[in-house]
Amino acid sequence: MSFWHSMIWRTEGIRVVSPVRWRQFDGLVSVLWEAESQAGANGYYLAEDPRIMIFFNDVSSQVRISNRGDNFLGDSRPMPRAVYIPAGVPMWTSSRSMHRFSHLNLHIHKNRLLRFLAPSVGASAAQAALRRPVEIQDIAAVQALADLLVGEISSPSKHPLYAENLAGSIIAGLLDISGEDEKASGRLTTAQMNKLTSRVEALGDYRMSVADMAAIVGLSESWFGNVFKQTTGQTPLQWQHVKRVDFAKRLLLESDVTIAGIAAQLGFSDQAHFTKVFRQIVGETPAAWRRLQQGR
């Protein structure tokens, strides 16, 4: 399949520091970028087809991303090492400090993706995987494949089928692919729950709505609402409270931050609200729990 990607993009404060290397395959374009970003640099990207970004260095402390706009409030989070962006999903980026980075982009025609996935997982599961964004930080296995693919982009030595199979393995290793039976069970997959947990931890004091959570795992809001409680035994709000209380416990044990300071850091309306939620989950007030743990 002859294919060249189409993407709207604009950047400020980012410059390429090495010639861009690319190679075109069956329904796939692979591109290696090496660039430098200034503090305050920003970008906007919107592609007609699905794409994958794999960073060869960790930029999570320097770059924030958002799919909701360029004000980076609420939905923004650190840039992970690998991202799958479904077709038509916009992405904004903002750099906090000057840094250099390199990343591999895989632009894939959606029909090529379906042709690759459907024979193994079924058409419905393949379509669902194409709609679900993926963001991961631990990319050891995927990076090993990406390193091999970069070698074939820079200095081709084998039949194109080799590089295409490397790309296919990256896709299979990165996309959130579930079988038909998992969706039919009415439960979220482990991968979907891991994505929600990572997002809660990254957002800190921002409470996600049901719509936010559904979008993260690529489900409709109504379907998500039906399966979340069946999966966790909790409502989305209860589940987020438990995650925040878990984080609060670490702060209570490992820091001298006041109860009011922890409440503000975790996005509770005030200390009284935080104390009420903490007691409901733990059975003690934050102050009593801290004293109890320190006395052991």
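Residues numbered from 1 in each chain as written. Predicted model: local features only at pLDDT ≥ 70, side-chain atom pairs only at ≥ 80, totals over all residues. Heavy atoms only, no water.

**Details of the overall build of the protein chain**
Secondary structure summary: the protein chain contains 12 helices and 10 strands in total. Scored against the burial criterion, the 296 residues of the protein chain give a buried share of 46%. Counting only contacts in the protein chain whose residues sit at least 6 apart along the sequence, the fraction spanning at least 24 positions is 73%. Treating the 32 positive side-chain charges of the protein chain as one cloud and the 27 negative ones as another, the clouds have centres 3 Å apart. (Helix = DSSP H or I, 4+ residues; strand = E, 2+ residues; numbered from the N terminus. Buried < 20%, exposed > 50% of the residue type's maximum accessible area, 1.4 Å probe, protein only. Contact = heavy atoms within 4.5 Å. Lys, Arg positive; Asp, Glu negative; His and termini not counted. Charge placed at Lys NZ, Arg CZ, Asp CG, Glu CD.)

**Some details on helix α1 (residues 110–121)**
Between its first and last C-alpha atoms α1 spans 16 Å; for 12 residues at 1.5 Å apiece the expected length is 16 Å, and the two agree. Within the sequence span of α1, burial applies to Arg-112, Leu-113, Leu-114 and Leu-117. Turning to α1, the residues buried within the fold contact β7 (82–85), β9 (99–108), α2 (123–131) and α4 (160–174). Backbone geometry just after α1 places Gly-122 at a positive phi near 95 degrees. (Expected span 1.5 Å × (residues − 1).)

**Digging into helix α3 (residues 140–154)**
Compared with an ideal rise of 1.5 Å per residue, which puts 15 residues at 21 Å, α3 spans 21 Å between its outermost C-alpha atoms and is within 8% of the ideal. For α3, the set of buried residues is Val-142, Gln-143, Ala-146, Leu-149, Val-150, Glu-152 and Ile-153. Buried positions along α3 lie against β2 (21–25), β3 (28–47), β4 (51–55), β9 and α4.

**With respect to the confidence of the model for the protein chain**
Interpreting fine coordinate detail is not advised for predicted regions of low pLDDT. Within the protein chain, residue pLDDT values average 88, and 95% of them lie at 70 or more. No element of the protein chain has a lower mean pLDDT than helix α5 (residues 180–184), at 47, and none a higher one than β4, at 97. Segment residues 180–184 is flagged for pLDDT under 50; beyond a separation of four residues in sequence, or across chains, it makes 9 contacts in the model. (pLDDT = per-residue confidence, 0-100.)

**Focus: a nonpolar patch on the surface**
A cluster of nonpolar residues, Trp-4, Val-16, Val-20 and Trp-22, forms a patch on the protein surface that exposes about 390 Å² of accessible area. Position of Trp-4 among the secondary structure elements: in the segment before β1 (7–16). (Patch = residues over 30% accessible without salt bridge, like charges linked within 9 Å, V, L, I, M, F, W, Y side chains within 5 Å. Areas by Shrake-Rupley, 256 points an atom, 1.4 Å probe, with all protein chains shown as cover. Salt bridge = Lys/Arg side-chain N within 4 Å of Asp/Glu carboxyl O.)

**Some remarks on the packing of helix α9 (residues 236–254) against helix α11 (residues 271–282)**
When two helices pack together, you describe them by how their axes are tilted relative to each other and by the distance separating the axes. Contact geometry of α9 with α11 gives a least axis separation of 10 Å together with a crossing angle of 100 degrees. Put simply, α9 runs roughly perpendicular to α11. Where α9 abuts α11, its residues His-241, Val-242, Val-245, Ala-248, Lys-249 and Leu-252 lie against Phe-274, Val-277, Phe-278, Ile-281 and Val-282. The residue makeup of the contact of α9 with α11, split by class, is 9 nonpolar, 1 polar and 1 charged. (Axes fitted to C-alpha atoms, helices over the stretch in contact; angles between N-to-C directions. Parallel < 35°, antiparallel > 145°, perpendicular 65-115°, else oblique. Nonpolar A, V, L, I, M, F, W, Y, C, P; charged D, E, K, R; others polar.)

**Observations regarding the packing of aromatic side chains**
Summed over all chains, the structure comprises 9 aromatic pairs. With a centroid separation of 6.2 Å and 50 degrees between ring planes, the pair formed by Phe-55 and Phe-101 is classed as tilted. Separated by 46 residues along the polypeptide, Phe-55 in strand β4 and Phe-101 in strand β9 bring together distant segments of the chain. Each member of the pair, Phe-55 as well as Phe-101, carries the same accessibility label: buried. An angle of 65 degrees between the planes, with centres 5.8 Å apart, marks the rings of Phe-274 and Phe-278 as edge-to-face. Of the two residues, Phe-274 and Phe-278 both sit in helix α11, 4 residues apart, roughly one turn of that helix. The class for Phe-274 is buried, based on a relative accessible area of 0%. Connected via pairs of aromatic rings, a cluster forms that spans Phe-268, Phe-274, Phe-278 and Trp-289. Note that Lys-158 overlies the ring of Tyr-162, its terminal NZ or CZ placed 5.5 Å from the centroid. (Phe/Tyr/Trp six-rings, centres within 6.5 Å; stacked < 30°, edge-to-face > 60°. Lys NZ or Arg CZ within 6 Å of the ring centre and 35° of its normal.)

**Regarding the side chain of Glu-36**
Counting through the fold element by element, Glu-36 comes out in strand β3. A distance of 3.2 Å separates the side chain of Glu-36 from the side chain of Arg-100, its partner in a polar contact. Apart from the residues within four sequence positions on either side, Glu-36 is in contact with Gly-13, Ile-14, Arg-15, Val-17, Met-98, His-99, Arg-100 and Phe-101. (Polar contact = N/O pair within 3.5 Å; in protein donor to acceptor, adjacent residues only side chain to side chain.)

**Regarding the pattern of salt bridges**
Counted under the stated rule, the structure contains 11 salt bridges. One salt bridge connects Asp-26 with Arg-112, and the closest N-O pair in it is separated by 3.5 Å. Taken together, the positions of Asp-26 in the loop between β2 and β3 and Arg-112 in helix α1 put the pair 86 residues apart, joining distant regions of the chain. What makes Arg-112 buried here is its relative accessible area of 16%.

**Points about the nonpolar core**
Within the largest apolar cluster, 31 residues are counted, with the highest numbers of intra-cluster contacts made by Ile-52, Ile-54, Tyr-84, Leu-104, Leu-106 and Leu-149. Broken down by secondary-structure element, the contributors of at least two residues to this core are β3, β4, β7, β9, α1, α2, α3 and α4. Of all the elements, α4 adds the most residues to this core, at 6 residues. Those residues within four positions of Ile-54 in sequence are excluded, and the remaining contacts are Arg-81, Ala-82, Ser-102, His-103, Leu-104, Ile-139, Val-142, Ala-146 and Ile-170. In terms of nonpolar packing, the next biggest core, distinct from the first, is built from 15 residues, Met-193, Ala-214, Ile-216 and Phe-228 among them. (Core = buried A, V, L, I, M, F, W, Y, C linked by side-chain atoms within 4.5 Å.)

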